[in-house]
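# Coordinate analysis (summary)
Listed below, chain by chain, are the residues.
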Amino acid sequence: MRIFTIDAGNIIAVSISTEQRSSTSGAARFTNEKQLAALAAHWPSGRLVEIWNNLPGVRQIAKFTDRQTGLRRIWAAIHGLKPHVGAHAASGGDKTSSRGKTASPSEQPVVARAATKTARVIALLKQPAGATLKAIMAMTGWQSHSVRGFISAQLVKKMNYRVQSFKRGGERVYRIRP
């Protein structure tokens, strides 16, 4: 069974019940949407927005329509997260929160969800030989300019990967450097 923990910084972490997790002071635990709703009943709506904006791979928002919508969207986003060491929260780069503060550089980069094009491209690029531009285009169905933009914006800027680009046999090749 997965146990979700939310700390005072609105960061959600996932663990498995068999794992020995240290008790974090002030952290609330829940295992399902109903328990999350019970916890959130006393929270200000701004906290739900902060929780949402801290989740990996989500579009930043300024507010939810109502509390129920917020809770439903948060649960839908987190119930599929894999247990991880540390928090699953991520920054969207230099985006600003609803209060106008800029994200601090110490925040973690965006994490790719499993079974997405992003995850498949990352797996291709992590191979020692890397991947050709044509191979990435064939796998994703994207045009060459879209692949280059994705590598630049998503992988390098948002996810902080060090991507190496070079030519092999006249073909452009990309590889994620260790």
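Residues numbered from 1 in each chain as written. Predicted model: local features only at pLDDT ≥ 70, side-chain atom pairs only at ≥ 80, totals over all residues. Heavy atoms only, no water.

## With respect to the overall build of the protein chain
Of regular secondary structure, the protein chain possesses 6 helices and 6 strands. Along the protein chain, helices and strands appear, N-terminal first, in the series β-β-β-α-α-α-α-β-α-α-β-β. Looking at the protein chain as a whole, 34% of its 178 residues qualify as buried. Put simply, 49% of the contacts in the protein chain that link residues at least 6 apart link residues at least 24 apart. With the model as given, the accessible surface of the protein chain reaches about 10600 Å², and the carbon-plus-sulfur share is 53%. (Helix = DSSP H or I, 4+ residues; strand = E, 2+ residues; numbered from the N terminus. Buried < 20%, exposed > 50% of the residue type's maximum accessible area, 1.4 Å probe, protein only. Contact = heavy atoms within 4.5 Å. Areas by Shrake-Rupley, 256 points an atom, 1.4 Å probe, with all protein chains shown as cover.)

## Some points on unusual backbone geometry
One non-glycine residue, Asn 10, lies in the positive phi region at around 65°. Secondary-structure assignment places Asn 10 in the loop between strand S1 (2-6) and strand S2 (12-16). Even without being a glycine, Asn 160 presents a positive backbone phi close to 60°. The residue Asn 160 is located in the loop between helix H6 (144-158) and strand S5 (163-168) in this model.

## A word on the side chain of Asn 10
For Asn 10, a relative accessible area of 5% translates into the label buried. A distance of 2.5 Å separates the side chain of Asn 10 from the side chain of Arg 47, its partner in a polar contact. (Polar contact = N/O pair within 3.5 Å; in protein donor to acceptor, adjacent residues only side chain to side chain.)

## A closer look at the nonpolar core
Ile 12, Phe 30, Ile 74 and Ile 78 are the most contacted members of the largest nonpolar core, which totals 22 residues. Mapped by element, the contributors of at least two residues to this core are S1, S2, strand S3 (28-30), helix H1 (33-40), helix H2 (45-53) and helix H3 (67-78). Residues Leu 125, Ala 131, Phe 150 and Val 163 belong to the second largest nonpolar core, which totals 15 residues. (Core = buried A, V, L, I, M, F, W, Y, C linked by side-chain atoms within 4.5 Å.)

## Comments concerning the sheet that holds S1
Reading across the sheet, the 3 strands line up as S2-S1-S3 and stay open at both edges, with antiparallel pairing between neighbours. The open sheet is flanked by S2 and S3, the only strands paired with a single partner. In this sheet, neighbouring strand axes are inclined to one another by 25° on average, regardless of whether the strands run parallel or antiparallel. Taken together, the 5 bridges between S1 and S2 define a ladder with antiparallel strand orientation. Directly across from Ile 6, in S2, lies its bridge partner Ile 12. (Pairing = 2+ DSSP bridges. Axes fitted to C-alpha atoms, helices over the stretch in contact; angles between N-to-C directions.)

## Regarding the pairing of S2
Taken across its 5 residues, S2 has 4 buried, putting it largely inside the fold. Taking the residues that link successive antiparallel strands as the turn, the S1-S2 hairpin has 5 residues, and the phi of Asn 10 there is positive, at about 65°.

## A look at the sheet that holds strand S4 (residues 131-132)
In spatial order, the strands read S4-S6-S5; together these 3 strands make up an open sheet with antiparallel pairing. What marks the edges here is a single partner per strand, and that holds for S4 and S5. Pairing between S5 and strand S6 (residues 171-176): 6 bridges, direction antiparallel. What sits directly across from Ser 165, in S6, is Tyr 174. On the sheet, helix H4 (residues 117-125) packs against S4 and S6 and is oriented at approximately 100° with respect to S6.

## Describing the packing of aromatic side chains
Tallying each qualifying case throughout the model produces 5 aromatic pairs. Taking the centre distance of 5.4 Å and the plane angle of 15° together, the rings of Phe 4 and Phe 30 count as stacked. Note that Phe 4 is positioned in strand S1 and Phe 30 in strand S3, a separation of 26 residues in sequence. Its guanidinium or amino end placed over the ring of Trp 52, Arg 73 lies 4.5 Å from that ring's centre, counting from NZ or CZ. (Phe/Tyr/Trp six-rings, centres within 6.5 Å; stacked < 30°, edge-to-face > 60°. Lys NZ or Arg CZ within 6 Å of the ring centre and 35° of its normal.)

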